[in-house]
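Summary of structural features
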Amino acid sequence: MLLAVPPRRTRRAATWLSAAAVTAALVLGGAIIVPAAASADTPASYTGLVLGVGADESQRVVSWYTTADSAQVVQLAPTQALVGGDFVASVTTFSATGAANVSTTGYNRHAVLTGLNENTQYSYRVGSDGNWSQTYSFKTQSFEGDFDFLFFGDPQIGSSGNTTKDGAGWADTLNVALTANPNAELLVSGGDQVETANTESQWDAFLAPDQLRQYPWAATIGNHDVGGKAYEQHFYTPNTDYSAAYYKDATKKSTTSGGDYWYIYKDVLFIDLNSNSYDSTSGGGDAAHVKYVTDVINAHGSEAKYKVLVYHHSIYSAADHAKDADNKVRRTDFPATFSQLGVDLVLQGHDHVYTRSYEIKDGVKANPNEQPGQNDVFVGEGGVIYMTANSSSGSKYYDITQPDSSGTSGAGNGADPLNPGNYWYDSVENQEHVRSYVKVQVKADKLVVEGVRSGTCDAPNGAVEAGRVSCGADGAGYTAPGGGVGSLIDSVTIHPYHGAGQDIQVDVPTAAPGEFGWTIDGHNGLVDMGTAQEQSNFFQATGSINPISVSDTRSSLAPWSLSGVLGDFTDGTKTFSGSFLGWSPKVAAAGAGAVAGSAIASGFDGGKGLSVSRVLGSAAQGHERGQAQLGADLDLKLPIDTAKGSYRATLTVTALAG
C-alpha cells in the first residue's frame, strides 16, 4: 500500500528564489569592487552632498565634495534591507568620478545611481571602506502616471547681505513646500542658487537642508552661478553638452560653468539651458540653444507627452529685468522655435517676481480674447505658457515695472489692452515681498500650475529684514500679501493642443504577479494497490496516485515542475526499497502548459525506480496560464522472496517554480 503526501500549496521553491535574488542584485548593480580606504592616516570628509536628477525616473545622481583624492563610491540599498541601520550583503555600489576642486580646496565627486526600482525607499552613503558619510534616503514612486514637481526661483543665498538669513528663508521654503507636497518627485531650479559663484559659504547654506539629499534637485545655472566652476562641481547633470557654445564666454570655459542638458521624467521631456550664453560673439548664443532644443526634441520629443523648458532669464517678466537688452534678444530669438517645436511650458527665474504669461505663439499673444488671470487655458497649435518664479529664499525681490510704448509683440514692452497696468504678454503679475514656489501637477491631459506662498513678510525674509523692501507701500507694482503660508497666488490649468485629430490614451497596469500552486485534487485517500500478484519470478501490483491539480496564474509565464520521490516500504521491521516502484505520468486535464514526465520502470527491471526524484509533470518558460491535472499509473515489481506483510511508503511531491 502506498501513502501519498498530504495536500498543500506552495509558491516558488527556495533554490529558484535564491537564483532570482542574485540576478536582481546584479542587474541593479552595474557594480564595482569597493576600493580600499581613502587614507589610512587622515579620513576623508564629505560635504555638500546633493541628490540630483538622472536621465530618467530610474536614475539619481549623487554629488559631493571630499577632502581626499581617493577612490570613492556610493553604497545603495533598499532601506528595508538595512540591518540595524547598517548596510549588509544586499548593498550595491556605484563608482564615483571627479577631480580636484578648482574653486576651493579638496576634490569633487559624483556617481550615477542606475537601475532603481519604482515604489522603493532607498538608503545611501558615500565614501570608502571604513570611512563613510552618514546615511541618507530617498524614495522612488511609480514610473508611470501623474506626478507633481516643484519649481523654485532664485534662492540666491547671500543676496540680502546676510547668508544666514537667506539660508533660513530657503530652508523654510523647502520645509513648507515639501510638508505640503511630500510626494513631489522633482525639485526644479530656476537658477541663481547663490549670490557669488565660488563662495562656498553660500553654497553650504544653500545645500544645508536635508531635503536636497532626499529629493532630486534639477539644477539650472543662473547669472550669479556662471562666473566660476562651483556650479559644475556641485551638480552633475545628465545628457549634458559642455561644448563651448553653451558657455557665456567660450574663452573662459575652464574657469566658468555652463552646459545644456536634458532628461525625461515620466512622460515629461525637460530641457535645461544655460541662458547666460545668448550672444554669439562670446559663445554659441541663442542660436546654439535653438539648435540644441531642436535636436533634442526631434530626437526625443516623441518619447514624452509634455515638453518643458527651463532656463534662468525670464523673457516675459514684469520687474527690473523686463526691459533688459539681453532679454529682448532672447525674446526675439526663442519664441517662434518653441512654438514650432510644441513646447508646452517654459519655467524661468532671474526677475524675482511672479508672472504667468498669456498663451504666446511665435512671439505674440496667441488668443486676443484670453482674459487676464484666466484659470483655464486651452492652448492652440504652437501656444506656449511662460512662468517666472519669485524668490524662494526671500533674499531679493524686484518690484513690478510699468509698460512703455515699445509695442505689443516681439521684444516690445507695451501695455496689455485688457489690463493696461500689465505688460502685453502677462496674464498674471504679482509681487508681495514674500517667499514663494511654483507647484506643477502633471496629469494625463493637463498641466496644473500654481504659485504658492511659502512665507509672509515676517522672518525669515532676508530682503525685508535688511530693509531693502518693506511690507508697507513700496511704490509701483507692490501688491499686498493676499494670504498666509500655503495660500495660492495664482492657479492655471493648461490644456494641451491635440490638433484636428483625437489622441487616445489607455493606461496598461503591471500584470498582477499571480501565483503558482498545487494540491491533491479531491480527497487524499490511501492509494491502495491491493494484493500483489505472483508472477513467474516476482510479485506485481498496479494502481494510480491520487490526481494532483496545478494552478499557475503568474504573469511571468515562468517554468514549473512537480517531482516525486518514494521512501522505502515498511511493515514493522520488514522493509523493501522504494526503487521497486515505477510510474507512467500523465496529464489528465491539460492546462498551464503541463507536459507529463517520462515513464520510469520498476527498479526490479533495472535502475532506481522512484527511490530518486522523478518528474511527474512540468511546463516550459512562456507557457499559458491556467490549471492542469496530473496523475500517474503505478507499477510495483518485487522479488519473489519478499517477506509477507502489509507495507506502506510515502511519496513526497516537490514543486519548483521559476
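Just above, that's the structure.
Here the structure is a predicted model, which means the values were calculated and not measured.

1. A closer look at the pairing of strand E27 (residues 446-453)
With 7 of 8 residues buried, E27 is to be regarded as a mostly interior element. As paired strands, strand E26 (residues 436-443) and E27 are joined by 8 bridges and run antiparallel to one another. Within E27, the position partnered with Lys439 by the bridge is Glu450. The turn linking E26 back onto E27 is made up of 2 residues. Across 6 bridges, the pairing between E27 and strand E28 (residues 488-495) is antiparallel. Each residue of the ladder has a partner; that of Val452, found in E28, is Leu488.

2. Quick notes on the pattern of salt bridges
Considering all chains together, one arrives at 16 salt bridges under this definition. With a shortest N-O distance of 3.2 Å, Arg213 and Asp210 are connected by a salt bridge. A relative accessible area of 40% places Asp210 in the partly exposed class.

3. Considering the packing of aromatic side chains
All chains considered together, the criterion is met by 32 aromatic pairs. With 4.9 Å between their ring centres and 15° between their planes, Tyr263 and Phe270 make a pair best called stacked. Taken individually, Tyr263 and Phe270 each receive the classification buried, so the pair is uniform in this respect. Measuring from centroid to centroid gives 5.6 Å for Phe516 and Trp560, while their planes differ by 35°, and the two rings are tilted. Taken together, the residues span a long stretch of sequence, with Phe516 in strand E29 (residues 516-520) and Trp560 in strand E33 (residues 560-566) at a distance of 44 residues. Accessibility assignment for this pair places Phe516 and Trp560 in one class, buried. Each residue in the set Phe152, Trp170, Trp203, Phe206, Trp217, Tyr231, Phe235 and Tyr437 is aromatic and connected to the rest through ring pairs, giving one cluster.

4. Points about the packing of helix H2 (residues 163-180) against helix H3 (residues 200-207)
At their nearest, the axes of H2 and H3 sit 8 Å apart, and the two run at 25° to each other. With respect to each other, H2 and H3 are oriented roughly parallel. The chirality of how H2 crosses H3 is right-handed. Of the residues in H3, those in contact with Thr163, Gly167 and Trp170 of H2 are Ser201, Gln202, Ala205 and Phe206. Looking at the contact of H2 with H3, its residues break down into 3 nonpolar, 4 polar and no charged.

5. Quick notes on helix H6 (residues 325-333)
Those residues of H6 that sit buried are Asp326, Asn327, Arg330 and Arg331. All buried residues of H6 fall inside an arc of 140° around its axis, so they share one side. Looking at H6, the residues exposed on the side facing more than 90 degrees away from the buried face are Ala325 and Thr332. In this structure, the buried residues of H6 make contact with helix H5 (285-300), strand E16 (306-313) and helix H7 (335-340).

6. Considerations on the sheet that holds strand E18 (residues 354-357)
In space, the 7 strands of this open sheet follow the order E14-E15-E16-E17-E22-E18-E25, with mixed pairing throughout. The sheet is open, and its two edges are formed by strand E14 (261-265) and strand E25 (426-430), each paired on a single side. Strand after strand, the sheet turns through a mean of 15° between neighbouring axes, direction not considered. Judged from the 4 bridges that link them, E18 and E25 form a sheet pairing that is antiparallel. If you follow Thr355 over to E25, its bridge partner there is Glu429.

7. What about H5?
In this model, H5 (16 residues) spans 23 Å end to end at C-alpha, consistent with the 22 Å of a helix rising 1.5 Å per residue. Buried positions along H5 lie against E14, strand E15 (268-272), E16, H6 and H7.

8. Some remarks on unusual backbone geometry
Excluding glycine, residues mostly have negative phi values, and the peptide bonds linking residues are mostly trans. Look at the link from Ala459 to Pro460: it is a cis peptide, with omega at 0°. Tracing the backbone through its elements, the reader meets Pro460 in the loop between E27 and helix H8 (462-465). The phi dihedral of Lys266 falls on the positive side, at around 45°, and the residue is not glycine. By the element assignment, Lys266 lies in the loop between E14 and E15. Among the residues examined, Lys266 registers a relative accessible area of 5% and is labelled buried.

9. Thoughts on the environment of Ala601
Inspection of the secondary structure puts Ala601 in the loop between strand E37 (595-596) and strand E38 (614-619). A residue is classified by how much of its surface remains accessible, and Ala601, at 45% relative accessible area, is partly exposed. The sequence separation of Ala601 and Trp583 amounts to 18 residues, and the corresponding C-alpha distance is 6.5 Å.

10. What to know about the nonpolar core
With 66 residues, the main nonpolar core has Phe149, Leu186, Tyr263, Ile271, Phe338, Leu345 and Tyr386 as its most contacted residues. Considering every element that reaches this core, the biggest residue donor is H5, with 6 residues. Sequence-distant contacts of Tyr263, that is, excluding residues within four places in its chain, are made with Val53, Gly54, Ala55, Leu186, Val188, Ala218, Pro238, Asn239, Val268, Leu269 and Phe270. In this structure, Ile545, Val550, Phe569 and Ala632 belong to the second largest nonpolar core, which totals 35 residues.

11. Some remarks on the environment of Gly191
Residue position: Gly191 is located in the loop between strand E12 (186-189) and H3. C-alpha of Gly191 to C-alpha of His313: the two residues are 122 residues apart in sequence and 8.7 Å apart in space. Discounting chain neighbours no more than four positions away, the residues touching Gly191 are Asp154, Pro155, Thr220, Ile221, Gly222, Asp225 and His312.

Conventions used here
- Residues numbered from 1 in each chain as written.
- Predicted model: local features only at pLDDT ≥ 70, side-chain atom pairs only at ≥ 80, totals over all residues.
- Heavy atoms only, no water.
- Buried < 20%, exposed > 50% of the residue type's maximum accessible area, 1.4 Å probe, protein only.
- Helix = DSSP H or I, 4+ residues; strand = E, 2+ residues; numbered from the N terminus.
- Pairing = 2+ DSSP bridges.
- Salt bridge = Lys/Arg side-chain N within 4 Å of Asp/Glu carboxyl O.
- Phe/Tyr/Trp six-rings, centres within 6.5 Å; stacked < 30°, edge-to-face > 60°.
- Axes fitted to C-alpha atoms, helices over the stretch in contact; angles between N-to-C directions.
- Parallel < 35°, antiparallel > 145°, perpendicular 65-115°, else oblique.
- Left-handed = near helix turned anticlockwise from the far one by under 90°.
- Contact = heavy atoms within 4.5 Å.
- Nonpolar A, V, L, I, M, F, W, Y, C, P; charged D, E, K, R; others polar.
- Arc of directions from axis to C-beta.
- Expected span 1.5 Å × (residues − 1).
- Core = buried A, V, L, I, M, F, W, Y, C linked by side-chain atoms within 4.5 Å.

Nothing here speaks to function; it is geometry throughout.
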